[in-house]
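Here's the letter readout for the chains.
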Amino acid sequence: MKKRAKKKIQNSSAKKKVNWKILIVCLVVVFIFAGIGSFFSSDQTKSAYYVSIKPDLTPPNWVFPLVWNFLFVLLAYALYFSWIKSEHNPKNRNKIVLIFLLNLAFNVLWSFLFFVVKNPLFAFFDIILLLISIVWIFAFNWKFERKSSYLVVPYFVWVLFAAYLNWVSYLKWVSLV
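A short tour of the structure in this document, coming up. (Residues numbered from 1 in each chain as written. Predicted model: local features only at pLDDT ≥ 70, side-chain atom pairs only at ≥ 80, totals over all residues. Heavy atoms only, no water.)

## Side note on the overall build of the protein chain
Note the following rule: Labels follow the DSSP assignment, with helices taken as runs of H or I lasting at least four residues and strands as runs of E lasting at least two, numbered in each case from the N terminus. The buried label applies to any residue whose accessible area, calculated with a 1.4 Å probe on protein chains only, is under 20% of its type's maximum; exposed applies above 50%, and partly exposed to all values in between. Residue contacts follow a heavy-atom distance rule, with two residues in contact if any of their heavy atoms lie within 4.5 Å. In these tables, accessible area is a Shrake-Rupley quantity obtained with a 1.4 Å probe, and a residue counts as shielded only by the protein chains included in the view.
Helix and strand content of the protein chain: 8 helices and 0 strands. Taken from N to C terminus, the helices and strands of the protein chain fall in the order α-α-α-α-α-α-α-α. Overall, the C-alpha framework of the protein chain stretches about 75 × 30 × 25 Å when taken along its three principal axes. Of all 177 residues assigned to the protein chain, the portion counted as buried reaches 40%. A fraction of 77% describes how many contacts in the protein chain between residues 6 or more apart in sequence connect residues 24 or more apart. Total accessible area on the protein chain stands at roughly 10,900 Å², and carbon and sulfur atoms take up 70% of it.

## Considering the packing of helix H6 (residues 120-142) against helix H8 (residues 153-176)
Where we set the bar: Axes here refer to lines fitted to C-alpha atoms; in helices the fit is confined to the stretch in contact. Angles between the N-to-C directions go from 0 to 180 degrees. Angular relationships are summarised with four words: roughly parallel below 35 degrees, roughly antiparallel beyond 145, roughly perpendicular across 65 to 115, and oblique for the angles in between. Rotating anticlockwise by less than a right angle from the far helix to the near helix defines a left-handed crossing, while the corresponding clockwise rotation defines a right-handed one.
It is at 9 Å that the axes of H6 and H8 come closest, and there the two elements cross at 165°. With respect to H8, the axis of H6 lies roughly antiparallel. Where H6 crosses over H8, the handedness of that crossing is left-handed. Every residue of H8 that contacts H6 at Pro120, Leu121, Ala123, Phe124, Ile127, Leu130, Leu131, Ile134, Val135 and Phe138 is listed here: Val153, Tyr155, Phe156, Val159, Leu160, Ala162, Ala163, Asn166, Trp167, Ser169, Tyr170 and Trp173.

## Considering the packing of aromatic side chains
Threshold: Only the six-membered ring of Trp is used, alongside the rings of Phe and Tyr, when aromatic pairs are assigned; centres must lie within 6.5 Å, and planes under 30 degrees apart are stacked while those over 60 apart are edge-to-face, with the rest tilted. Geometrically, a charge over a ring is one whose NZ (Lys) or CZ (Arg) sits within 6 Å of the ring centre while staying within 35 degrees of the ring normal.
Scanning all chains against the criterion turns up 21 aromatic pairs. Here the aromatic rings of Trp68 and Tyr155 are separated by 6.1 Å at their centres, their planes lie at 80°, and the arrangement is edge-to-face. Of this pair, Trp68 sits in helix H4 (residues 63-85) while Tyr155 is found in helix H8, placing the two residues 87 residues apart along the sequence. Chaining the aromatic ring pairs together yields one cluster made of Tyr49, Tyr50, Trp110, Phe114 and Phe115. A cation sits over an aromatic face here: Lys147 above Phe81, 4.3 Å from the ring centre.

## Considerations on helix H5 (residues 90-116)
Helical periodicity: at 3.6 residues per turn, an α-helix aligns residues three or four positions apart in one direction. Which entries qualify depends on this criterion: Expected span of a helix: the number of residues minus one, times 1.5 Å.
Between the first and last C-alpha of H5 there are 38 Å, a value that for 27 residues agrees with the 39 Å anticipated at 1.5 Å per step. Of the residues trailing H5, Lys118 is marked for its positive phi of about 60°.

Below you can see the structure in the form of structure tokens.
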């Protein structure tokens, strides 16, 4: 009896062991996309265009890198837990890759549309797709890895707030054009 209990404890602790290689890959992939998005936006936050359409509720500029880095870490962990949980299910893994890559692509595209193209309307359409992709991550993972679903909730809330800011920016932009 004691041997079985000991074996169960060993098996459960082995399952909880961190796969550092996969975790690092998840972090690197997410932060590569984050870096690309940051490249499009970092110098633009002081531009005349941005200042002219910036909503009153916009947090100070120093808040954005802190929040986004925190959210990207959560997203990387969500990706990691989903990947590990679907270890024996290649179909799920393919969907996970698709969903997360689409999400990250929409995130980068938003920075490009808003700051480089300088079109808040196109950026707003993109942010709606970004929100949909976050809901897709949440719903897909809910079936087999709820940790991943919970980890994207703060991301969803922040992007929802960003969508509001984007919409107000669009309304200001329309009045200037």
